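Residue-level listing of the chains:
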Protein chains: 2
Amino acid sequence: MQKYLITGFSGFVSKHFLDFLERNEINASVLGIDLCLPSFGRKDYGHVKWSFQKIDLLDKDGIENLIYEFQPEYILHLASFSSVSFSWKNPVLSYQHNINIFLNLLEAVRKLNIEGKILSVGSSEEYGNVDKDQLPLKEESPLNPISPYAVARVSQEMLSKVYVDGFGMDIVMTRSFNHIGPGQKDIFVISSFARQIVGLKKDKPRKNEIRTGDISVIRDFIDVRDVVRAYYLLLQKGKNGEIYNICSGRGFSLSEIINKMAQIAGVNVIPRLDKRLIRPKDNKIIIGSNEKVKRDIGWDMKISLEKSLEDILEYWDNQ
Amino acid sequence: MQKYLITGFSGFVSKHFLDFLERNEINASVLGIDLCLPSFGRKDYGHVKWSFQKIDLLDKDGIENLIYEFQPEYILHLASFSSVSFSWKNPVLSYQHNINIFLNLLEAVRKLNIEGKILSVGSSEEYGNVDKDQLPLKEESPLNPISPYAVARVSQEMLSKVYVDGFGMDIVMTRSFNHIGPGQKDIFVISSFARQIVGLKKDKPRKNEIRTGDISVIRDFIDVRDVVRAYYLLLQKGKNGEIYNICSGRGFSLSEIINKMAQIAGVNVIPRLDKRLIRPKDNKIIIGSNEKVKRDIGWDMKISLEKSLEDILEYWDNQ
């Protein structure tokens, strides 16, 4: 029986992680924590026994008590205010709910001498604006964070290294690229497009427009189900103190993604720029290299972009 | 009349900054803020008119009100829990009182559309462990922070860049190397040695021992009076978004400094290693290049190491 503490439990990555454990018949005892209640129930789970506590990771003492009681073997740290655009509007909140929460978690584990392994989830946003000739981005590529969110993620990574080297803790880090998949909130771009495209199909408005930000940006999209398998493997086999890109290795512009989804949905879609969705600064192109994670833990991608997009559209269709 | 907001007002750098303004007959209106009251009074100042408010920079609303009322032209951000060893013992507090306070300050200035220029003071600790062949460290040298304090300082710098590029704010950054001078608290290494050496001279104990940490480490020490002149010039002429090393360009080991002080004080000194003063990780050698600050703002160092050490010993002699 593996014991997992999962922060950010009520988010969609966590749900897919539980599903991964369950599908693979991994017997696990999971304590989930989050600011808000999970929207999923226990009935789908047999191998995975989970409980939930609503707690704010900014509540240092609360977190310490909880970790002391549970004594996790693995900590999957998913909690994050992970929206870049939110971070431009609310830098303080974004920062607190990325870096201060993480530091509280690290401190609790350190003070209690918990020997568990932590997976610190970071972001491709850490790379910032990069030249095309630096692509695909490798883990040793320079970091140049250009949003408050990205700065918080780089800080999280630097703190992780300090806790590994200075305190001997066991932490594996990721730079996770844009993940997509069924269940993701529509504050994230692909979910937003999918929800709007499904809306066009159902409501049949006069103009087939969807609201977008800058759709020329190119991103490396990866299905959340491939992501959680990587997280599982990293918690089992990832090397202490190492950073791993979690990505597909391919880039698509948002306009290409819109076209693919329009085709799958069988509707004509006209992107309409909404200036409010433009960010003060944005990375033009992000494509990662996944060589290291493939080499070190034997991970590989299994779900194609088309399959992801189909499942996302189906998810919104069912809402 | 120049209007300055100075955070960390009650610290020794701030006092030297006021003295610099006064000595140079610069008419200034200064609002100082700090967690604790200043230990100096107003009587020594004529050109400089200053007032003080006791406030915690973590008090976001309080800071906003205060900046709204004062409308500073220049913000000298000195506030920091700047001890590396404190940061190992209290990472959470160290982090909050470096980065969260800074973010609150930035946010207040941004929200209120204050056009003032901010000097964000960083640290040579940001460079971390470096190879000898990378010396002297230039501003473009890679950063490799190895303590919680150093991580916070790198974060502060990254946030500054985000606020310059993303929000159009006016921020000049420093990486200030170890500053020393009369008035510095004895939680800092040179002050601690000086206080102990003065103690040997006065108390004449049986063993001429002083307690030290690792005295083989080499640092680039610079007199606080040279530092504050650089800060003044950077606020006047520093380039927006740029980072400047503030350093002497020379390195001395702590044992060399002890020898120099012993010689000045005319006592025999035996360093005694106190294991509690050993840090989990420490940079072996830090020496900076001050070419950029010399070139861009015409700054130069005026006070020799010997003069600094004499003044520091005299300061402790008078305590």
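*Asks:* Help me out: how do you make sense of the packing of helix α1 (residues 12-23) of chain B against helix α7 (residues 224-237) of chain B in this one?
*Replies:* Any two packed helices are characterised by the angle at which their axes cross and by the distance between the axes. Residues and elements named next belong to chain B. With their axes 9 Å apart at the nearest point, α1 and α7 run at an angle of 70° to one another. In terms of their interaxial angle, α1 and α7 are classed as roughly perpendicular. As for how α1 packs across α7, the hand of that crossing is right-handed. Along its contact with α1, which presents Phe12, Val13, His16, Phe17 and Phe20, the element α7 presents Val224, Arg225, Val227, Val228, Arg229, Tyr231 and Tyr232. In terms of residue class, the contact of α1 with α7 is made up of 9 nonpolar, 1 polar and 2 charged.

*Asks:* Any chance you could explain the interface of chain A and chain B here in plain terms?
*Replies:* Where interface size is quoted, it is often the accessible area lost as the parts come together. Taken together, the contact pairs 24 residues of chain A with 24 residues of chain B. If you tally residues by element for the side of chain A that touches chain B, the top one is helix α5 (residues 148-167) of chain A, at 10 residues. For the side of chain A that touches chain B, the class distribution of residues is 15 nonpolar, 5 polar and 4 charged.

*Asks:* Sorry if this is basic, but what is going on with the pairing of strand β4 (residues 74-77) of chain B here?
*Replies:* Successive residues of a regular strand alternate their side chains across the two faces of the sheet. All names here are of chain B. Side chains Tyr74 and Leu76 project from β4 onto one buried face, and the interleaved Ile75 and His77 project onto a second face that is buried too. As paired strands, strand β1 (residues 2-7) and β4 are joined by 4 bridges and run parallel to one another. Looking across to β4, one finds that Tyr4 is bridged to Tyr74. Two strands pair when backbone bridges link them, and β4 and strand β5 (residues 117-123) are joined in this way by 4 bridges, in the parallel orientation. For Leu76, the partnering residue across the bridge sits in β5 and is Leu119.

*Asks:* Can you walk me through the packing of helix α4 (residues 91-111) of chain A against helix α4 (residues 91-111) of chain B in this structure?
*Replies:* Relative to each other, α4(A) and α4(B) sit at 180°, their axes nearing to 11 Å. If you check the angle between α4(A) and α4(B), you find them roughly antiparallel. Residues A:Pro91, A:Val92, A:Tyr95, A:Asn100, A:Leu103, A:Asn104 and A:Glu107 of α4(A) touch α4(B), and the partners they reach there are B:Pro91, B:Val92, B:Tyr95, B:Asn100, B:Leu103, B:Asn104 and B:Glu107.

*Asks:* Would you explain the confidence of the model for chain A in this entry?
*Replies:* Close reading of the predicted structure is inappropriate where its pLDDT is low. Residues with a pLDDT of 70 or more make up 99% of chain A, whose mean pLDDT is 95. For this predicted complex, the interface score ipTM comes out at 0.89, alongside a pTM of 0.91.

The rules behind the values
- Residues numbered from 1 in each chain as written.
- Chains lettered and ligands numbered in written order.
- Predicted model: local features only at pLDDT ≥ 70, side-chain atom pairs only at ≥ 80, totals over all residues.
- Axes fitted to C-alpha atoms, helices over the stretch in contact; angles between N-to-C directions.
- Helix = DSSP H or I, 4+ residues; strand = E, 2+ residues; numbered from the N terminus.
- Parallel < 35°, antiparallel > 145°, perpendicular 65-115°, else oblique.
- Left-handed = near helix turned anticlockwise from the far one by under 90°.
- Contact = placed C-beta atoms within 7 Å.
- Nonpolar A, V, L, I, M, F, W, Y, C, P; charged D, E, K, R; others polar.
- Buried ≥ 20, exposed ≤ 12 C-beta atoms within 10 Å, placed from the backbone.
- Pairing = 2+ DSSP bridges.
- pLDDT = per-residue confidence, 0-100.

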